[in-house]
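Structural overview
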Protein chains: 2
Amino acid sequence: MELLRKKVIDEGIVLSNQVLKVDSFLNHQMDPVLMKEVGKEFTRRFADQEVTRVLTIESSGIAPGIMTALELNVPLIFARKQKSLTLKQDIYVEKVFSFTKQESNEITVSKKFMKPTDRVLIIDDFLANGEAAFGLARIVEQAGATVVGIGIVIEKSFQPGRQLLLEAGYRVESLVRIAALDNGTVNFVEE
Amino acid sequence: MELLRKKVIDEGIVLSNQVLKVDSFLNHQMDPVLMKEVGKEFTRRFADQEVTRVLTIESSGIAPGIMTALELNVPLIFARKQKSLTLKQDIYVEKVFSFTKQESNEITVSKKFMKPTDRVLIIDDFLANGEAAFGLARIVEQAGATVVGIGIVIEKSFQPGRQLLLEAGYRVESLVRIAALDNGTVNFVEE
């Protein structure tokens, strides 16, 4: 996606060979026109999938998620993150480990918002190790629903998430793919 | 706002005389078409204010915030909530107490995204005691910028937030105003 790629080049800050900071348009300050285009692009890529719900995770997934849900004309659900939880009957819970923060969170979705007939598109801002995407996918599967695909705004292709998701049988569509962060420069996967 | 009022009547669940659950369209599952209309309505109400930035707080403020920012064609910033924080030079920090959760959080905004020339519209999903709105307003004022108004999706008018914000000199625009939650019924403020 050219517009997004340009944003990453113009505004992304390479903090290390692992970390790209994009807080001027995606993670803290958000560019709503870009988010709208992201929603359109995910919709184009998953147009044949008869999506009934978009699922994301708070907080940075919500803006691309709601724009995708708007284009697809289906509801968005955002999973909540919690440190720990007294187990409840009416929610799906999965544990997700964050390598960035070196901590585990429980992510939760109310059972009433996901049915076995649902065809769910998972959206997230970043893909690195795939922990969040796998956690969301496990929640969909707990509900007996179908994961039709995983849409990622920025994929760090040098980390194992994409490969692990593909091996598990998921379709992954990433709007930009980053091959490496070297010497302060973003190198994209050429497709 | 009639569409929103209808949603509250049809899908809101009165849990007590203090708590209205709207997790089917605003707080967990989100209705993107409704969020788009919310964004249009805030834009209509603040059209004369030359807004340069929309400010909200994670997580439930992000969807109405991004739709408002899209209509106004300005960036959205979402303040992050954190339990505690090692103080940093490059962020504005304010303490916000949540009566619902009975806990304090620190909310933060990067200094680089707010300038003294900014005219900031604050958006949030709920207004009860006004703690979050005041915290966001204090951040804008730390930056030397101007709060042009506060846009609220659902106001619990029987709690003191609105009155306190008006007394402090802020303009408050709430899309629905709830007078009372009695015997499982939502009573609206008639305007």
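Remember, predicted model here, so these are calculated numbers, not experimental data. (Residues numbered from 1 in each chain as written. Chains lettered and ligands numbered in written order. Predicted model: local features only at pLDDT ≥ 70, side-chain atom pairs only at ≥ 80, totals over all residues. Heavy atoms only, no water.)

Attention now goes to the environment of Val54 of chain B. Residues and elements named next belong to chain B. Relative to the helices and strands, Val54 resides in strand 4 (residues 53-57). In this structure the C-alpha to C-alpha distance between Val54 and Ile150, which are 96 residues apart in sequence, comes to 9.8 Å. The residues touching Val54, leaving out its near neighbours within four places in the chain, are Gly65, Thr68, Ala69, Leu72, Val74, Pro75, Leu76, Ile77, Leu121 and Ile123. (Helix = DSSP H or I, 4+ residues; strand = E, 2+ residues; numbered from the N terminus. Contact = heavy atoms within 4.5 Å.)

Before going further, it helps to spend a moment on unusual backbone geometry. With an omega of -5°, the peptide bond running from Glu58 of chain A to Ser59 of chain A counts as cis. By the element assignment, Ser59 of chain A lies in the loop between strand 4 (53-57) and helix 3 (62-72). The backbone phi angle of Gln102 of chain A is positive, close to 50°, even though this residue is not glycine. Residue position: Gln102 of chain A is located in the loop between strand 6 (91-98) and strand 7 (103-110). The residue Asn73 of chain B is not glycine, and still its phi comes out positive at about 60°.

Time to look at a nonpolar patch on the surface. Judged by side-chain polarity, Ile13, Leu15 and Val19 of chain A come together as a nonpolar surface patch covering roughly 240 Å² of accessible area. Relative to the helices and strands, Leu15 of chain A is located in the loop between strand 1 (13-14) and strand 2 (20-21). (Patch = residues over 30% accessible without salt bridge, like charges linked within 9 Å, V, L, I, M, F, W, Y side chains within 5 Å. Areas by Shrake-Rupley, 256 points an atom, 1.4 Å probe, with all protein chains shown as cover. Salt bridge = Lys/Arg side-chain N within 4 Å of Asp/Glu carboxyl O.)

Sheet topology places strand 3 (residues 29-30) of chain A next to strand 5 (residues 76-82) of chain B; two bridges connect them, and they run antiparallel. Bridge pairing in strand 5 of chain B links Gln29 of chain A to Ile77 of chain B. Both strand 4 of chain B and strand 5 of chain B contribute to a ladder of four bridges, which runs parallel. In the sheet register, Leu55 of chain B faces strand 5 of chain B, and the bridge partner there is Ile77 of chain B. With helix 3 (residues 62-72) of chain B bridging strand 4 of chain B and its parallel neighbour strand 5 of chain B, the resulting β-α-β unit is right-handed. Examined bridge by bridge, strand 5 of chain B and strand 7 (residues 103-110) of chain B share three bridges and lie antiparallel to one another. (Pairing = 2+ DSSP bridges. Right-handed = clockwise from strand over helix to strand, strands pointing away.)

This brings us to the pattern of salt bridges. A full pass over the atoms with the stated rule returns 34 salt bridges over all chains. For Arg171 of chain B, the salt bridge goes to Glu173 of chain B, with nearest N and O atoms at 3.3 Å. Each of Glu41, Arg44, Arg45, Asp48, Arg171 and Glu173 of chain A takes part in one network of salt bridges that share partners.

Mapping chain B onto chain A is achieved by rotating through 180° and translating by 0.0 Å along the same axis, at an RMSD of 0.0 Å. Within this description, the copies of the chain are treated as partners about a two-fold rotation axis. Among all residues of chain B, the minimum C-alpha distance to the rotation axis is found for Ser59 of chain B, at 2.7 Å. Mapped onto chain A, 100% of the interface residues of chain B are again interface residues, and the two copies thus contact each other with one and the same surface. (Least-squares fit on C-alpha atoms with pLDDT ≥ 70 in both.)

Here the focus is the packing of aromatic side chains. All names here are of chain A. Within the structure shown, the criterion is met by four aromatic pairs over all chains. The interplanar angle of 75° and the centroid separation of 6.2 Å between the aromatic rings of Phe134 and Tyr170 together place this pair among those described as edge-to-face. With Phe134 in helix 4 (residues 131-142) and Tyr170 in the loop between helix 5 (161-167) and strand 10 (172-182), the pair connects residues that are 36 residues apart, well separated along the chain. Taking NZ or CZ as reference, Arg5 lies 4.6 Å from the ring centre of Phe188, over its face. (Phe/Tyr/Trp six-rings, centres within 6.5 Å; stacked < 30°, edge-to-face > 60°. Lys NZ or Arg CZ within 6 Å of the ring centre and 35° of its normal.)

What follows covers the interface of chain B and chain A. Counting residues at the interface gives 35 residues for chain B and 35 residues for chain A. Note on chain B versus chain A: buried area summed over both sides is about 2,700 Å², and carbon and sulfur give 62% of it. Run the count over chain B and chain A and you get two salt bridges. For Lys112 of chain B, the salt bridge goes to Asp23 of chain A, with nearest N and O atoms at 3.3 Å. Elements supplying a minimum of two residues to the side of chain B that touches chain A: strand 3 (29-30), helix 2 (32-45), helix 3, strand 5 and strand 7 of chain B. Looking at the side of chain B that touches chain A element by element, the count peaks at six residues for helix 3 of chain B. For the side of chain B that touches chain A, a count of residues per class yields 19 nonpolar, nine polar and seven charged. (Buried area = accessible area lost by both parts, 1.4 Å probe. Nonpolar A, V, L, I, M, F, W, Y, C, P; charged D, E, K, R; others polar.)

All names here are of chain A. Of the two faces of strand 11 (residues 185-188), only the one carrying Val186 and Phe188 is buried; Thr185 and Asn187 on the other face are not. Bridge count between strand 10 and strand 11: four bridges; the pairing is antiparallel. Its bridge partner lying in strand 11, Ile178 is registered against Phe188. Hairpin connection of strand 10 to strand 11: two residues between the antiparallel strands, including Asn183 at a positive phi of 50°. (Buried < 20%, exposed > 50% of the residue type's maximum accessible area, 1.4 Å probe, protein only.)

With that settled, the discussion passes to the nonpolar core. Most often, soluble globular proteins keep nonpolar side chains buried together rather than apart. Counting residues in each nonpolar core, the largest one holds 74 residues, and the members touching the most others are Leu20, Ile66 and Ile154 of chain A together with Leu20, Ile66 and Ile154 of chain B. Among residues more than four places away in sequence, those in contact with Leu20 of chain A are Val8, Gly12, Ile13, Val14, Phe126, Ile154, Ile178, Leu181 and Val186 of chain A. (Core = buried A, V, L, I, M, F, W, Y, C linked by side-chain atoms within 4.5 Å.)

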